[in-house]
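Coordinates in review
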Amino acid sequence: MTERFDYDAVIVGAGAAGCVAAGYAAQNGRRVLLLERNKRPARKILVTGKGRCNVTNECEPEEFLRHVRRNPRFLYGAINRFAPKNTMALFEKLGVRLKTERGRRVFPESDRAMDIADALQIFIKHKNVTPEEGRAEKLMFEDGALVGVLTEDGRFFRAPKVVIATGGMSYPLTGSSGDGYKLARQAGHTVVEPRPSLVGISTKEKLSGAAGLSLKNVTVRLYKNGKKKPVYEELGEMLITHEGVSGPLVLTASTYMDGSVSDYHMELDLKPGLSEQELDARILRDFSEKLNRDFTNSLDELLPRSFVPYVVSASGIAPETKVNSVTKEQRAALVKTIKAFELTPAALDPIETAIITAGGVSVKEVDPKTMESKLVSGLYFAGEVLDLDAETGGYNLQIAFTTGHSAGMAI
C-alpha cells in the first residue's frame, strides 16, 4: 500500500532560496507547503543593498566562482545550470526592470528592494504552493524515513521531502536566527561553526573622532601576521566607525579572516595614486607654503581634516613641531604612515549586524547536483544555511537563487 502524503514537499523558509525552490517545484507539478515564520515572505530581501537589493552580479559562472570565499567547487554545476543571467531573466519575466552598475552589480531600476520581494511573492503564487505561517521545530521520521515537519505549536505537515532554507544567523529580526542548524543536527548533519561575514571590524586603534568619515579611493591591505603578501588587497571605499572600520572594502576583507582576528593586521594606503616619491614631493610642496605652521595644521589639504590627528600621532612627529623643522627622516616616516596606516583588528562586529553568515551545514554531506542530504533521503538544503559565502557584490543572493533552483528542480 502506498502511503499518502499531504504534500510532495515542505520548504522551511520563504526567503530568496525558499521562494525560488517553491516556485520551480510548483511549476513542475509538485504540491509544496511553504512554511515561513514571518507574516510575509522574503523579508530579509528588504534590507539588502541598503534597501536597494543587489540582486546578482552580471558575470559568467567561471568569474562568479572566483568571488565565492568558501567551497566554490561545490557550486560549479549548480551555477552553470542557474547562472546570474538566469536570475536576471527570471526577475525581468516577473516584471522587474534591472540595471547594472559599477562592479557588474545588478539592481532593480527602481532602486527598491520591495520590487524584488514582491516579484518573489508573484513567483510563489501558484496553485501548487500553499503558504503557511509557522516555525519549524522538528523533522519527523517514521521507521527511519523522513515524513515531514512538526511546528513549535504542534502542527504536523506531512511530506516525503523537506527543504531547509532558513538562512543563517545575521539580521535575526528578519527571521534568520539559526533554526536550520538545529534541524540539520537532528538529521545528523555537521554544522560548521557559524560566524559573521561581510561585517565591520572593531580595531584596537580607536578613531572615534573621525567616525562617519567615508574614505574614498583608498586601498585596504589585509595581512596574516608573519606573511609579507596580503591575503586581500583592494582599492575602493571604506567607513570609519566609533569602534573601528566598515564599508565595502572592510566588509569584503572580513570574509578573508579565517580563524582568530588576532592573527591579522591591516594597512590603509590613503594615497594609492601616488608613489612614495610623488607623495614626498607633494608634502614638500605643501610644507613650502606653511613653513611657520605647527605640523598638525599642515595636512588639511592632503587628508580629511578629522583623520589628520591620527596620521600625526602614527607618524611619531610631535604635533607642535614647526613645519620648517621637520627633518627628511620625519618626512619619510610621514610618507610611510600615509601609505601604510596600520590598524589592528580586535574583533568582528556581532553576527547580528553581519550581511551574511559564514559557516553552516557542511557541503561535504550534501549532493552538489540536487542539494539533497547524503545522510537522509528526501532532505535538502538551500541558501545561507549551507557553508557557502562570497564577497559583497550580489554573489550571496545569487548563491541563494542557485541552490534554491537546484533543490526545487530536484524535488
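Here the structure is a predicted model, which means the values were calculated and not measured. (Residues numbered from 1 in each chain as written. Predicted model: local features only at pLDDT ≥ 70, side-chain atom pairs only at ≥ 80, totals over all residues. Heavy atoms only, no water.)

**Description of the overall build of the chain**
From N to C terminus, the chain includes eleven helices and 22 strands. Principal-axis analysis of the C-alpha atoms places the extent of the chain at approximately 95 × 40 × 35 Å. In the chain, which comprises 411 residues, the proportion classed as buried is 53%. Across the chain, the fraction of contacts at a sequence separation of at least 24, relative to all contacts at a separation of at least 6, is 72%. Entry remark: accessible area of the chain is about 18400 Å², with carbon and sulfur atoms responsible for 49%. Counting 55 positive and 52 negative side-chain charges, the chain places the averaged centre of each group 2 Å from the other. (Helix = DSSP H or I, 4+ residues; strand = E, 2+ residues; numbered from the N terminus. Buried < 20%, exposed > 50% of the residue type's maximum accessible area, 1.4 Å probe, protein only. Contact = heavy atoms within 4.5 Å. Areas by Shrake-Rupley, 256 points an atom, 1.4 Å probe, with all protein chains shown as cover. Lys, Arg positive; Asp, Glu negative; His and termini not counted. Charge placed at Lys NZ, Arg CZ, Asp CG, Glu CD.)

**Considerations on the pairing of strand E6 (residues 105-108)**
Taken together, the two bridges between strand E3 (residues 56-57) and E6 define a ladder with antiparallel strand orientation. Looking across to E6, one finds that Asn57 is bridged to Arg105. When strand E5 (residues 98-101) meets E6, the two strands line up antiparallel, connected through four bridges. Each residue of the ladder has a partner; that of Thr100, found in E6, is Val106. Connecting the antiparallel pair E5 and E6 is a turn made up of three residues, with Gly103 showing a positive phi of about 75°. (Pairing = 2+ DSSP bridges.)

**With respect to the side chain of Asn128**
If you trace the backbone, Asn128 turns up in the loop between helix H5 (113-123) and strand E7 (129-133). At a separation of 3.1 Å, a polar atom in the side chain of Asn128 contacts the main-chain carbonyl oxygen of Ala26. Excluding anything up to four places from it in sequence, Asn128 contacts Ala26, Gly29, Arg30, Arg31 and Val32. (Polar contact = N/O pair within 3.5 Å; in protein donor to acceptor, adjacent residues only side chain to side chain.)

**A word on the packing of aromatic side chains**
Inspection of the entire model under this criterion finds eight aromatic pairs. Following the ring pairs from residue to residue traces out a cluster consisting of Tyr24, Phe82 and Phe123. Sitting above the plane of the Phe107 ring, Arg52 keeps its charged end 3.9 Å from the centroid. When the ring centre of Tyr256 is taken as reference, the NZ or CZ atom of Arg69 above it lies at 3.8 Å. (Phe/Tyr/Trp six-rings, centres within 6.5 Å; stacked < 30°, edge-to-face > 60°. Lys NZ or Arg CZ within 6 Å of the ring centre and 35° of its normal.)

**With respect to the packing of helix H1 (residues 16-27) against helix H11 (residues 395-410)**
With their axes 7 Å apart at the nearest point, H1 and H11 run at an angle of 30° to one another. For the element pair H1 and H11, the recorded crossing hand is right-handed. On H11, the residues touching Ala16, Ala17, Val20, Ala21, Tyr24 and Ala25 of H1 are Leu397, Ala400, Phe401, Gly404, His405, Gly408 and Met409. The residue makeup of the contact of H1 with H11, split by class, is ten nonpolar, three polar and no charged. (Axes fitted to C-alpha atoms, helices over the stretch in contact; angles between N-to-C directions. Left-handed = near helix turned anticlockwise from the far one by under 90°. Nonpolar A, V, L, I, M, F, W, Y, C, P; charged D, E, K, R; others polar.)

**Considerations on the sheet that holds E5**
The three strands lie next to each other as E3-E6-E5, forming an open sheet whose pairing is antiparallel. The sheet terminates laterally at E3 and E5, the two strands that pair on one side only.

**Focus on the pattern of salt bridges**
The full count for this structure, using the stated rule, is 32 salt bridges. Across the pair Arg155 and Glu132 runs a salt bridge, and its minimum N-O distance is 2.8 Å. One end of the pair, Arg155, is in the loop between strand E9 (145-151) and strand E10 (156-158); the other, Glu132, is in strand E7, with 23 residues separating them in the sequence. On the accessibility criterion, Arg155 (25% relative accessible area) is partly exposed. For Asp294, the salt bridge is made with Lys322, and the minimal N-O distance between the two is 2.8 Å. (Salt bridge = Lys/Arg side-chain N within 4 Å of Asp/Glu carboxyl O.)

**A look at the layout of surface pockets**
Of the voids in this model, the second largest pocket is the one considered here, and its volume is about 200 Å³. Forming the boundary of the second largest pocket are 14 residues, of which Lys39, Pro41, Gln121, Ile124 and Pro131 lie nearest the centre. At the level of secondary structure, the elements contributing two or more residues to the lining of the second largest pocket comprise strand E2 (32-36) and E7. Residue composition of the lining of the second largest pocket, by class: six nonpolar, two polar and six charged. (1 Å grid on protein atoms, 1.4 Å probe; cavity = no way out; pocket = protein on both sides within 12 Å on 5 of 7 lines; lining within 4 Å. Points joined across faces, edges and corners; volume = space filled by probe spheres on them.)

**A word on the pairing of strand E14 (residues 214-224)**
In this sheet, strand E15 (residues 232-240) lies alongside E14 in antiparallel orientation, the contact comprising seven bridges. In the sheet register, Val220 faces E15, and the bridge partner there is Glu234. Sheet topology places E14 next to strand E17 (residues 264-269); six bridges connect them, and they run antiparallel. Opposite Leu222, over in E17, you have Met266 as the bridge partner.

**Description of the environment of Ile338**
Structurally, the position occupied by Ile338 is in helix H10 (residues 328-339). Along the primary structure Ile338 and Leu303 are separated by 35 residues, whereas in three dimensions their C-alpha atoms are 9.1 Å apart. Apart from the residues within four sequence positions on either side, Ile338 is in contact with Leu268, Asp269, Leu270, Lys271, Leu279, Ile283, Leu302, Leu303 and Val311.

**Concerning the sheet that holds E2**
Backbone hydrogen bonds are what pair the strands of a sheet, in a parallel or an antiparallel way. Spatial strand order, E7-E2-E1-E11-E21: five strands in an open sheet with parallel pairing. The outermost strands of the open sheet, each flanked by one partner alone, are E7 and strand E21 (379-381). Strand-to-strand twist across the sheet, computed as the mean angle between neighbouring axes with direction ignored, equals 20°. The sheet contact formed by strand E11 (residues 162-164) and E21 spans three bridges and is parallel. Its bridge partner being in E21, Ile164 is matched across the sheet by Phe381.

Any functional reading would require information that these geometric values do not contain.
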